[in-house]
Amino acid sequence: MENTWVGLLDCNNFFVSCERLFRPDLVGKPVAVLSSNDGCVVARSQEVKDMNVPMGVPYFQIKDILKKGSVTTFSSHISLYRDISRRVFEVMKREMGQVEQYSIDEAFFICKGSFAEVENMIEQLKNVIEMEVGIPVSIGLAHSKTQAKYAASMAKKSAGVKVLNMEEWSTIITDIPLAKIWGVGGQMELKYKANGLVTVADYLASDKQRLGAIFGVVGQRLYAELSGYASPSLGSSSSAQKSLMSSRSFKNPTENIDVLADAIAYHVRHVAADLRRLKLKASLIRVSINTSRHGDFILRGGTLDVAFNDSTNDTFKLMAAAQKLLKQLYENDVPYKKVGVVVSDLVDSNGQQGSLFVEEEVTRKQDRLMEIIDNLNTGKNKNLVKLGTRLRAKEWQGRQDSCSPSYTTRWSDVARVSAK
DNA sequence: TCTGGGGTCCTAGGACCC
DNA sequence: TCTGGGGTCCTAGGACCC
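1. Let's talk about the overall build of chain A
Here comes step 1: For chain A, the helix and strand inventory stands at 14 helices and 12 strands.
Here comes step 2: Residue burial in chain A is summarised as follows: out of 420 residues, 44% are buried.
Here comes step 3: Of the roughly 23,000 Å² of accessible surface on chain A, a fraction of 51% belongs to carbon and sulfur atoms.
Here comes step 4: Charge-centre separation for chain A: the mean point of 55 positive side chains lies 5 Å from the mean point of 47 negative side chains.

2. Some details on helix α4 (residues 78-96)
Since the α-helix turns once every 3.6 residues, residues separated by three or four places project in the same direction.
Here comes step 1: Compared with an ideal rise of 1.5 Å per residue, which puts 19 residues at 27 Å, α4 spans 26 Å between its outermost C-alpha atoms and is within 8% of the ideal.
Here comes step 2: Considered for burial, the residues of α4 that qualify are Leu80, Tyr81, Asp83, Ile84, Ser85, Val88, Phe89, Val91, Met92 and Met96.
Here comes step 3: Immediately downstream of α4, the backbone of Gly97 shows phi near 80°, a positive value.

3. Here we look at the pairing of strand β1 (residues 4-11)
In summary, the side chains of a regular strand alternate between the two faces of the sheet.
Here comes step 1: The buried count for β1 comes to 8 of 8 residues, which makes it a mostly enclosed element.
Here comes step 2: Across the two faces of β1 the burial is the same, with Thr4, Val6, Leu8 and Asp10 and Trp5, Gly7, Leu9 and Cys11 all buried.
Here comes step 3: Where β1 lies against strand β6 (residues 106-112), 7 bridges are found, and the strand directions are antiparallel. Paired with Trp5 across the strands is Cys111, a residue of β6.
Here comes step 4: Here β1 runs beside strand β7 (residues 137-142); their pairing, made up of 6 bridges, is antiparallel. Note on β7: the bridge partner recorded for Val6 is Ala142.

4. Concerning the protein's contact with DNA strand B
Here comes step 1: DNA strand B sits among 23 residues. The nearest are Met245, Ser247, Ser249, Arg293 and Lys337.
Here comes step 2: At the protein interface, 71% of the atoms of DNA strand B within 4 Å belong to sugar or phosphate.
Here comes step 3: In the model, a phosphate oxygen of DNA strand B is placed 3.5 Å from a nitrogen or oxygen of the Val217 main chain.
Here comes step 4: The contact in question runs from a phosphate oxygen of DNA strand B to an N or O atom on the backbone of Ser247, over 2.6 Å.
Here comes step 5: Looking at the surface near DNA strand B, the elements that each hand over two or more residues are α10 (208-227), β9 (243-254) and β12 (336-348).

5. Focus on the environment of Gly97
Here comes step 1: Of note, Gly97 is situated in the loop between α4 and β5 (99-103).
Here comes step 2: Look at Gly97 and you get partly exposed, because its relative accessible area is 36%.
Here comes step 3: Residues Gly97 and Ile110 lie 13 residues apart in sequence; the distance between their C-alpha atoms is 8.6 Å.

6. Quick look at the domain arrangement of chain A
Here comes step 1: On domain assignment, one finds that chain A holds domain 1 (1-164), domain 2 (174-235) and domain 3 (238-396).
Here comes step 2: When each unit is reduced to the centre of its C-alpha atoms, the spacing between domain 1 and domain 3 is 32 Å.

7. Some words on the pattern of salt bridges
Here comes step 1: Counted according to the given criterion, the structure contains 17 salt bridges.
Here comes step 2: A salt bridge links Glu132 to Arg94, with the nearest nitrogen and oxygen atoms 2.8 Å apart. With a gap of 38 residues between them, Glu132 in helix α5 (residues 115-132) and Arg94 in helix α4 connect regions that are remote in the sequence.
Here comes step 3: Among the ionic pairs, Glu100 bridges to Lys145, the shortest N-O distance being 2.7 Å. Linking Glu100 in strand β5 with Lys145 in helix α6 (residues 145-157), this pair joins segments that are 45 residues apart in sequence.
Here comes step 4: In this structure Glu100 comes out as buried when scored by relative accessible area, which is 15%.
Here comes step 5: What emerges from the salt-bridge pattern is a single network uniting Asp83, Arg86, Arg87 and Glu90.

How each quantity is defined
Residues numbered from 1 in each chain as written. Chains lettered and ligands numbered in written order. Predicted model: local features only at pLDDT ≥ 70, side-chain atom pairs only at ≥ 80, totals over all residues. Heavy atoms only, no water. Helix = DSSP H or I, 4+ residues; strand = E, 2+ residues; numbered from the N terminus. Buried < 20%, exposed > 50% of the residue type's maximum accessible area, 1.4 Å probe, protein only. Areas by Shrake-Rupley, 256 points an atom, 1.4 Å probe, with all protein chains shown as cover. Lys, Arg positive; Asp, Glu negative; His and termini not counted. Charge placed at Lys NZ, Arg CZ, Asp CG, Glu CD. Expected span 1.5 Å × (residues − 1). Pairing = 2+ DSSP bridges. Near = heavy atom within 4 Å. Polar contact = N/O pair within 3.5 Å; in protein donor to acceptor, adjacent residues only side chain to side chain. Domains from an automatic or database assignment. Salt bridge = Lys/Arg side-chain N within 4 Å of Asp/Glu carboxyl O.

Structure representation (C-alpha cells):
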C-alpha cells in the first residue's frame, strides 16, 4: 500500500490561464476573470493575488484598485474554459488511465511506484499537459485525497509538483491549521476550535470514536483522510450525476412575470438539452425565483417542484411544468433578481422503462422532434429554435462587457496565425 | 447603481406507521 | 382520567467545494 498514491492535478488560475492561452501578451501581467453579470472576481492571476484582491469579491468594490494596477479583466467565457478543460483531461486520461474529474479544473488519479518513480511520473504529466494544451498545472501526490489536495497546494508554491509521503506529513501536521484542510469551512473550523482542535496534529491525536460521536460521519471521514490510512480509491468517474441546474441573476430586478417566464424558458431549454446530451431523463423539476440577497425583499421569493410520473427530457413537458410552478410562485410587486431551474432524480434514458400509460409511438415522435431541435441548435445557427420564449432576453440577461472571442468553438473567432 | 453559477453530501425534524 | 416508543421515509436547509 505504501506504493499506491493518490494524486490531484489542479490547473493554475484556470480561467486566467485559458484567456492567456490566446493572449500570450498577458503572460506575466495581472489578469482577472469576472463571474456572470461581471458581478464578482472568480479567477486571479498571481499578480492579482499579490495585490491582495480576494477571491469572490464584488467587482464594483475593487474596480478602482484593478484599474490602478492595470489589471486586464475578462467576463467569464465558460464554453471556452470547458473546451480547454476537456483537452487537459483527455491528455490526463491518456497518460494516467482512470481519472476522477472533480471540477472544471481539477482531477484525482491513482499511481503506483516508489517515491522517485512517482515523482518522475508527475513531472512528466505536468510537462506533457503544458506542452500539448498550454495550461500550467500543479500536481500533488499523497496517501489520501485530502492529503493530495494539501500536497497540490504545496506544489503550487514551489516547483509545481509535490510528493508528500507519510514521513514528511507527520512532521508538518503540527503546523497545518484545520482551516487549511479541504472540507473544513468556517463553521466546522469554529466547531473544532470549540473542542480544542486547531491543527491537523490535534485532530489526529484525538480519539477516533469520540470525534465520530461529536462530529458525525463528516468527522470520522476527516480522521481517515488525514491519517492517510484510508485506502485510496477513485469515485467511479462515470458515477451518475444527481442533478442539473441552470440559473442566472438579472442585470436589473424585475416585477414583470413575462420577463420571468422568458428567463425560465431559457433555463428549461438549457437543462432539457443537457439532459438529452447526457442521455438522461428527470423525474423532478424545481423552479426558484429569488429576490436580491441585499435589500428589503430578502424573505420573498421561493422554490417549488413537481414530480413526473414518467421521467422525461422533453422540452415541452418540462416547460409546461416549469411555467405552471412559476405562476404559483409569483407575487405582484416583488422585485425579482434571479430565477433558476433544477432537474433531479435522473435516470438513464436508454434503459428507462416506459409507463404503461404512455403510448410508445407518441414517445418516439417526441424524441425525434427533440433530436431535430437539438441538431438545429448545435449547428451553424446556434440557438435557432427557442421554445417558449417571448424574446424579452434583453430585459433580464446580464452584462458581459469584456468577453473574449470564442477561439475554439466558433469558426469566425478561431485565432489566425500568420507567418512573417 | 453594481454581490456568480453549478454541484454534492449530511442532518434535523416532521409525517407516518405499527 | 391516563396520552409509548421505535422505526422508516422524506424534505428543507446547512455546509462545503470550485
